[in-house]
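Analysis of the macromolecular model
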Amino acid sequence: MLQIENVVSDRGSKYAVSGGPAATRAEVAEFLATLKKVKKYAKATHNSWALLPSDGPPLKDDDGEAGAAAAILRMLEREDLRDHLIVVTRWYGGVNLGGDRFRHVVSAVRAYLAAR
């Protein structure tokens, strides 16, 4: 598992990105359970994720951050990165970010892709 913390901070919200190999929804659940064993990730406002499996349709979940998983999935598709889960975590800082939140999700995924 690769984790990058403090990728973006904006108006009190903080973003991190994590990822690793996964090919099924069960492996996603296991990955998220492991991630959330760390107290601060369990308390995060959103853990949005996407997965492009080799077999079957794409899998994604916004976890309340509408549209975030679709942005992650588009980047996985562009990279043709299959059987690899990417999770963008947000701790809400009390101020709505509007469309900027998508820019931050994209920045987090870019940082992950550059580091892997």
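Up top is the structure these notes are about.
Residues numbered from 1 in each chain as written. Predicted model: local features only at pLDDT ≥ 70, side-chain atom pairs only at ≥ 80, totals over all residues. Heavy atoms only, no water.

A word on helix α4 (residues 100-115)
The periodicity of an α-helix, 3.6 residues per turn, causes residues three or four places apart in sequence to face the same way. Here α4 is 16 residues long and its end C-alpha atoms lie 23 Å apart, about the 22 Å a rise of 1.5 Å per residue gives. Lining the buried residues of α4 we find β1 (2-10), β2 (13-21), α3 (68-79) and β5 (84-91). (Helix = DSSP H or I, 4+ residues; strand = E, 2+ residues; numbered from the N terminus. Expected span 1.5 Å × (residues − 1). Contact = heavy atoms within 4.5 Å.)

Some points on the nonpolar core
Soluble, globular proteins show a tendency: their nonpolar side chains are buried together. With 20 residues, the main nonpolar core has Ile-72, Leu-76, Ile-86, Val-88, Val-105, Val-109 and Leu-113 as its most contacted residues. Among the secondary structure elements, those contributing two or more residues to this core are β2, α3, β5 and α4. Looking at this core, the element that brings in the most residues is α3, giving six residues. Listed in part, the 14 residues of the second largest apolar core include Val-28, Leu-35, Leu-85 and Val-87. (Core = buried A, V, L, I, M, F, W, Y, C linked by side-chain atoms within 4.5 Å. Buried < 20%, exposed > 50% of the residue type's maximum accessible area, 1.4 Å probe, protein only.)

Observations concerning the side chain of Glu-65
By the secondary structure assignment, Glu-65 is in the loop between β4 (59-61) and α3. Judged by relative accessible area, which is 6%, Glu-65 ranks as buried. A polar contact is formed between the side chain of Glu-65 and the side chain of Arg-101, at a distance of 3.2 Å. With residues up to four places along the chain from it excluded, the contact list for Glu-65 reads Tyr-15, His-46, Ser-48, Arg-90 and Arg-101. (Polar contact = N/O pair within 3.5 Å; in protein donor to acceptor, adjacent residues only side chain to side chain.)

Points about the sheet that holds β1
If you walk across this open sheet you meet the five strands as β1-β2-β5-β3-β4, and the pairing is antiparallel. Looking along the sheet, the strands with just one partner apiece sit at the ends: β1 and β4. Within this sheet the neighbouring strands show an average axis-to-axis angle of 15 degrees, counted without direction. Alignment of β2 against β5, held across eight bridges, turns out to be antiparallel. When the bridges of β5 are listed, Tyr-15 appears paired with Arg-90. Contacting β1, β2, β3 (46-51), β4 and β5, helix α1 (residues 25-35) crosses the sheet at an angle of about 40 degrees to β5. With respect to the sheet, α3 is in contact with β3, β4 and β5, its orientation differing from that of β3 by roughly 35 degrees. (Pairing = 2+ DSSP bridges. Axes fitted to C-alpha atoms, helices over the stretch in contact; angles between N-to-C directions.)

Structural notes on α1
Residues of α1 that are buried: Val-28, Phe-31, Leu-32 and Leu-35. Relative to the axis of α1, the buried residues are bounded by an arc of 95 degrees and lie together on one face. Summarising the geometry of α1, the exposed residues directed more than 90 degrees from the buried face are Ala-26 and Glu-30. In this structure, the buried side of α1 is in contact with β1, β2, α2 (39-42), β3 and β5. (Arc of directions from axis to C-beta.)

Some details on the pattern of salt bridges
Counted by the stated rule, this structure contains seven salt bridges. In this structure, a network of salt bridges that share partners links the residues Asp-10, Arg-11, Asp-100 and Arg-103. (Salt bridge = Lys/Arg side-chain N within 4 Å of Asp/Glu carboxyl O.)

Everything listed is a geometric property; what it means functionally is a separate question.
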